[in-house]
Amino acid sequence: MVRRPRLDQSIPMLAQGYAWLPDQRRTAGRATVHTRLMLARQTLGVEGPAGARFLYDEDHVRRSGALPEPVVSTLFGHGAVHTLDGEPHRVRKAMFVQLLMGEGIGDLVDRAEAAWDDAARRWAGERRIVLMDEAARVLTRAVCDWAAVPVTDEEVPALARDLTALVDGFATGAPRHWRARRVRQRREAWLAGIVEEVRSGARTVPAGSVLGVVSAHRDSEGELLEPRVAAVEVLNVVRPTVAVSWFVGFAAHALHRWPEHRERLRSGEPAFAAAFAHEVRRFYPFAPFIGGRAPREVQWDGEMVPAGSMVLLDLFGQNHDPDLFPEPYAFRPERFLTDGGSAGTSAVRQIGPWELVPQGAGDPRSGHRCPGEDVTVALLSALAVRLACLGYTVPEQDLTISLRRIPARPASRVVLSDVRPDGQR
Ligand code: HEM
């Protein structure tokens, strides 16, 4: 039996960030911990493949009405796929799977590479650049073109800032939270207007594009989505794609700390680039945990979980579980390769659905696992290779990554100077 705290732990959770659940597990000496969140609601923290399986079973945990209002009003949007269960979720999720898990993502990657190459020529003329901001612009340009969201080159920097703000403000009471709420109101209204233009025929979009598919999507009742909800779902493609800029920042951090990986990335060996992307996603803190609410009393790990309790899966904790990833605090892309990672002969090893969980666990087609994982790995692999091929200097700056800040990032957002697209360092 694990000790159950009486007081709400929301403030310690926000103060400790990614270390909050791992610390509680260390104190309790076991993988399952009890705590209280969201006005003292009983909360169970789980970790590991069995805990993940438990959470992804809809008999045990439901999402509808469970996600905290501040997260829905900033990161996901009201009515988002993240907040649905059962048949409504299945129908909406199929739309995302169709858009994000097929061959179309090659086109998105090509656009991102072209936008990066354009930007890199400009960086060469500048005294210094902030890499995470630049990567957000590159990704905004690419994903808006790919998704058929109409944005001019002049509008890209402001949109990139807004999309970054939506990601940056979900887990804090600081001003960046209130900015994210305002941005969401404004950008949803803008995109809802565009959806209405598509539906009325005033705007034409390529068949199969994100904007076209979401505008025409019918829910489990056969109804079109309200324009505002359609806008939420277009943002749920565009916003997280731009969030890959966090991983680009972490990739630069890794290349700075462990420059021995640069040469192999530069060689363009696809398996190594993918393994590097997986290790960046595993090693660095980004999505802290996921959760939902128990619809009825359930049992887990010898613990009674009352109806209405929150259940959280510790994503950061599981990605650093030594039973799954030996020496979890060593940055080793080779852990994701066959043949111990020997150059030229290795491929990416099979990764179990409940093992590596930076973007959730299980099957993205049937559960809530992120449908954008293929997009993330493809974009991150491509941009990490380009980053490794770039010549630059890393000037004096604060590259520390605080585990207390959610979402974490290098404090300086990675400043580069003397950038040379030719790759001479
Ligand atoms: C930037 C890196 C990304 C991270 C760290 C990330 C992380 C996550 C996490 C943790 C979830 C929740 C899983 C769950 O609740 O079980 C999720 C869901 C989702 N992600 Fe991502 N994601 C990323 C990129 C993307 C991209 C690039 C897209 C789309 C292009 C995307 C679209 C979605 C959608 C639509 C959902 C909701 C799935 C559902 O509820 O069924 N994500 N993501």
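Residues numbered from 1 in each chain as written. Predicted model: local features only at pLDDT ≥ 70, side-chain atom pairs only at ≥ 80, totals over all residues. Heavy atoms only, no water.

Undergrad: So what about empty space enclosed by the protein? Which residues, and what values?
TA: Considering all chains together, one arrives at two cavities of 30 Å³ or more under this definition. When its volume is computed, the largest cavity comes out at roughly 40 Å³. Residue lining of the largest cavity: Cys-144, Val-149, Leu-159, Leu-163, Arg-187, Trp-190, Leu-191, Leu-235 and Val-238, and that is the complete set. Residue assignment for the lining of the largest cavity shows that the elements contributing at least two residues are α8 (156-168), α9 (175-200) and α11 (227-257). A total of three residues in the lining of the largest cavity trace back to one element, the largest contributor, which is α9. For the lining of the largest cavity, a count of residues per class yields eight nonpolar, no polar and one charged. Considered as a void within the structure, the second largest cavity measures approximately 30 Å³ in volume. What lines the second largest cavity is simply Ala-252, His-253, His-256, Tyr-392, Val-394, Leu-399, Val-414 and Leu-416. The element that contributes the greatest number of residues to the lining of the second largest cavity is α11, accounting for three residues. A breakdown of the residues in the lining of the second largest cavity according to their chemical character gives six nonpolar, two polar and no charged. (1 Å grid on protein atoms, 1.4 Å probe; cavity = no way out; pocket = protein on both sides within 12 Å on 5 of 7 lines; lining within 4 Å. Points joined across faces, edges and corners; volume = space filled by probe spheres on them. Helix = DSSP H or I, 4+ residues; strand = E, 2+ residues; numbered from the N terminus. Nonpolar A, V, L, I, M, F, W, Y, C, P; charged D, E, K, R; others polar.)

Undergrad: Residues and numbers for the sheet that holds strand β8 (residues 391-393), please.
TA: By way of backbone hydrogen bonds, the strands of a sheet pair with one another, either parallel or antiparallel. Read across the open sheet, the three strands follow the order β3-β9-β8; overall the sheet is antiparallel. Single-partner strands in this sheet number two, and they are β3 (128-130) and β8. Across the sheet, the mean angle separating the axes of adjacent strands is 45° when strand polarity is ignored. Bridge count for β8 against strand β9 (residues 415-420) is two bridges, and the pairing is antiparallel. The residue of β9 that forms the bridge with Gly-391 is Arg-420. (Pairing = 2+ DSSP bridges. Axes fitted to C-alpha atoms, helices over the stretch in contact; angles between N-to-C directions.)

Undergrad: Now, about the coordination of the iron atom of the ligand: what can you tell me, with residues and values included?
TA: Looking at the iron atom of the ligand, one finds just one donor atom contributed by the protein, Cys-370 (SG), at 2.3 Å. Structurally, Cys-370 is set in the loop between α14 (315-319) and α15 (373-389). (Donors = N, O, S within 2.8 Å, 3.2 Å for Na, K, Ca; no water.)

Undergrad: Which residues make up the site of the ligand, and what values go with them?
TA: Of all residues adjacent to the ligand, which total 29 residues, the nearest are Tyr-56, Arg-63, His-89, His-368 and Cys-370. With respect to the ligand, the side chain of Tyr-56 contributes an N or O atom lying 2.4 Å from an oxygen atom. The side chain of His-89 places a nitrogen or oxygen atom 2.7 Å from an oxygen atom of the ligand. Every element with two or more residues in the shell around the ligand is listed here: α5 (86-100), α11 and α15. Top contributing element to the shell around the ligand by residue count: α11, with seven residues. Its residues assigned to classes, the shell around the ligand shows 17 nonpolar, nine polar and three charged. (Near = heavy atom within 4 Å. Polar contact = N/O pair within 3.5 Å; in protein donor to acceptor, adjacent residues only side chain to side chain.)

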